[in-house]
Amino acid sequence: MNAKAGYSNGGSAPFGYLRKEVFVTDESGMEKRKVIYRLDPETAPAVKMAFELYLAGRGGKHIADVLTSHGFRSRNDKPISKSSILNWFRVPFVYAGCGMWNVECGMWNVSHRQRNDSGKKVSRIFHPRDEWIIIPDSHPAIIKMEQAAQVYQNMQKNNPNIHKRRTGQRAKYLLAGLANCQHCGHNLQMKYNRRNGE
């Protein structure tokens, strides 16, 4: 209900936006605090510029350099990284004013990173596009919906597995999932050091 009405379900606002608290009255007359996104006048131009450069054929590193040369900084007052910019392009509909849910498989958890199809560790695992819930006009748009769709298509063309559901590494050990700790009941885990082969 919260999401369909255009309210945030928590977390920080996407880059280019700020959180704004509003108070609404529900059907029973109770006043409730909700959060919506509003444009950040300092960072929204960086997002717009990044999308325009990408659609003009520029890559993530070049875009990061251009944004830095224009004085744009991350929320941590550091240069905006290539990986941050590419993350904007992976889910571009947010910047076209859409609320989006069911995009990622769980929360980011650095200690439990999964591997993608090429074996590289990744912290963001996406649901397939047809499982996303997209609510148009949830907040002010920085880019047009057509631009978001084109960016999404370009990202798919350049990396067709980007939103493919990935599975974790398969067990290599004979007793995987069968041996448990006597004290706490958790599964025992093997650790393998590739350098020493231990």
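Residues numbered from 1 in each chain as written. Predicted model: local features only at pLDDT ≥ 70, side-chain atom pairs only at ≥ 80, totals over all residues. Heavy atoms only, no water.

**As for the pattern of salt bridges**
For the coordinates displayed, the defined rule picks out 5 salt bridges. A salt bridge links Glu52 to Lys48, with the shortest nitrogen-to-oxygen separation between them at 3.6 Å. Note that Glu52 and Lys48 are positioned in helix α1 (residues 44-55) at a spacing of 4 residues, about one turn of the helix. Of the residues examined, Glu52 reaches a relative accessible area of 39% and is grouped as partly exposed. On the accessibility criterion, Lys48 (36% relative accessible area) is partly exposed. (Salt bridge = Lys/Arg side-chain N within 4 Å of Asp/Glu carboxyl O. Helix = DSSP H or I, 4+ residues; strand = E, 2+ residues; numbered from the N terminus. Buried < 20%, exposed > 50% of the residue type's maximum accessible area, 1.4 Å probe, protein only.)

**Comments concerning the packing of aromatic side chains**
Going through the model one piece at a time under the given rule, you end up with 9 aromatic pairs. Ring centres of Phe93 and Tyr152 lie 5.8 Å apart, and the angle between their planes is 45°; on these two criteria the pair is classed as tilted. Of this pair, Phe93 sits in the loop between α3 (82-90) and β3 (99-101) while Tyr152 is found in helix α4 (residues 145-158), placing the two residues 59 residues apart along the sequence. One exposure class covers both Phe93 and Tyr152, and it is buried. What links up through ring pairs into an aromatic cluster is the set Phe15, Tyr17, Tyr37, Phe51, Tyr54, Trp88, Phe89 and Tyr95. One cation-aromatic arrangement involves Arg129 over Tyr152; the distance from NZ or CZ to the ring centre is 5.7 Å. (Phe/Tyr/Trp six-rings, centres within 6.5 Å; stacked < 30°, edge-to-face > 60°. Lys NZ or Arg CZ within 6 Å of the ring centre and 35° of its normal.)

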